[in-house]
Amino acid sequence: MAEQRRRSRRRGQGELEAQVLSALREAEGPATAGWVQERLGGDLAYTTVVTILSRLLGKGAVTRERAGRSFAWTPAADEAGLAARKMRKVLDGEDDREAVLASFLTALPPGDEQLLRELLRQAEAQAATERDD
């Protein structure tokens, strides 16, 4: 009975992708789909792992290179980069960017708001330096 419940448990949206990315981050270099499958405990079909990796490739979250007759996969960015990509995707899907950004900014705790302002100042200074060069 417990085995049947475990098999029928549905994963949350993005859970498999997160697990696959986590496994890839643990690899010492590019990893094959078979390696990822083993790392995840082997209860996923090889074709499922390849499908997830292909979806992640389409989202720009991983890269791949030819390795014999298959591919070796690598995360395209670290966790912070992937989170930033998700935030941009959500923002790009909204009609009123200004309202979304204003709402985001006003919802930040004071420490995060100050950090964001400092990061914006640094980005402006860097852009000014690059323009002057």
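Quick notes on the rules
Sequence order sets the numbering: in each chain, residues are counted from 1 along the sequence as written. Local features in this predicted model are restricted to residues of pLDDT 70 or higher, and side-chain atom pairs are both shown and tallied only at a pLDDT of 80 or more, whereas totals for entire chains, interfaces and linings draw on every residue. Note: side-chain values were computed over all heavy atoms of the structure, leaving out hydrogens and water. Working definition: helices are DSSP H or I runs of at least four residues, strands are E runs of at least two. Numbering for both runs from the N terminus. Each radius of gyration is computed over the set of C-alpha atoms, and the globule rule expresses the reference value as 2.2 Å times the number of residues to the power 0.38. Note on exposure labels: buried denotes an accessible area under 20% of the residue type's maximum, exposed denotes more than 50%, and partly exposed covers the range between, all computed with a 1.4 Å probe on protein chains only. We call two residues in contact when some of their heavy atoms are within 4.5 Å. Every accessible area reported is derived by Shrake-Rupley at a probe size of 1.4 Å, with residue values counting cover from the shown protein chains alone. Geometry of aromatic contacts follows a simple scheme: Phe, Tyr and Trp rings, the Trp one being its six-membered ring, pair when their centres are within 6.5 Å, and the pair is stacked under 30 degrees between planes, edge-to-face over 60, tilted otherwise. Two conditions define a charge sitting above a ring: the NZ of Lys or the CZ of Arg must be within 6 Å of the ring centre, and it must be within 35 degrees of the ring normal. Any two strands are treated as partners once DSSP identifies two or more bridges connecting them. Here, axes are lines fitted to C-alpha atoms. For helices the fit covers the stretch in contact, and angles between N-to-C directions go from 0 to 180 degrees. Salt bridge, as used here: a side-chain nitrogen of Lys or Arg that lies within 4 Å of a carboxyl oxygen of Asp or Glu.

**Overview of the overall build of the protein**
(1) Moving on: Looking only at helices and strands, one finds seven helices and three strands in the protein.
(2) Moving on: Ordered by position from the N terminus, the helices and strands of the protein form the series α-α-β-α-α-β-β-α-α-α.
(3) Moving on: Relative to the globule expectation of 14 Å for 133 residues, the C-alpha radius of gyration of the protein, 20 Å, shows a markedly less compact shape.
(4) Moving on: Principal-axis analysis of the C-alpha atoms places the extent of the protein at approximately 55 × 40 × 30 Å.
(5) Moving on: Classification of the 133 residues of the protein by burial places 19% in the buried group.
(6) Moving on: The contacts in the protein between residues at least 6 apart in sequence include a share of 39% that link residues at least 24 apart.
(7) Moving on: Summed over all atoms, the accessible surface of the protein reaches about 10000 Å², with 51% contributed by carbon and sulfur.

**Observations concerning the packing of aromatic side chains**
(1) Moving on: On inspection of all chains with the given rule, the structure shows one aromatic pair.
(2) Moving on: The ring centre of Phe71 lies 3.9 Å from the NZ or CZ of Arg64, which sits over that ring.
(3) Moving on: Sitting over the face of the ring of Phe71, Arg66 holds its NZ or CZ atom 4.3 Å from the ring centroid.

**A short note on the sheet that holds strand 2 (residues 62-67)**
(1) Moving on: Across the sheet, which stays open at both edges, the three strands sit in the order 1-3-2 with antiparallel pairing between neighbours. In the strand order of this sheet, the two ends are held by strand 1 (31-32) and strand 2, each with one partner.
(2) Moving on: Across two bridges, strand 1 lies against strand 3 (residues 70-75) in antiparallel orientation. Bridged to Thr32 within strand 3 is Ala72.
(3) Moving on: The strands touched by helix 2 (residues 15-26) within the sheet are strand 1, strand 2 and strand 3, with strand 3 carrying the most contacts at an inclination of about 90°.

**Observations regarding the pattern of salt bridges**
(1) Moving on: Scanning all chains against the criterion turns up five salt bridges.
(2) Moving on: Linking Glu17 and Lys59 is a salt bridge whose minimum nitrogen-to-oxygen distance equals 2.9 Å. Remark: Lys59 occurs in the loop between helix 4 (46-58) and strand 2 and Glu17 occurs in helix 2; sequence separation between them is 42 residues.
(3) Moving on: The buried category is assigned to Glu17, whose relative accessible area is 16%.
(4) Moving on: Note on Lys59: relative accessible area 43%, which makes it partly exposed.
(5) Moving on: The salt bridge involving Glu118 is made with Arg121; its shortest N-O contact spans 3.2 Å.

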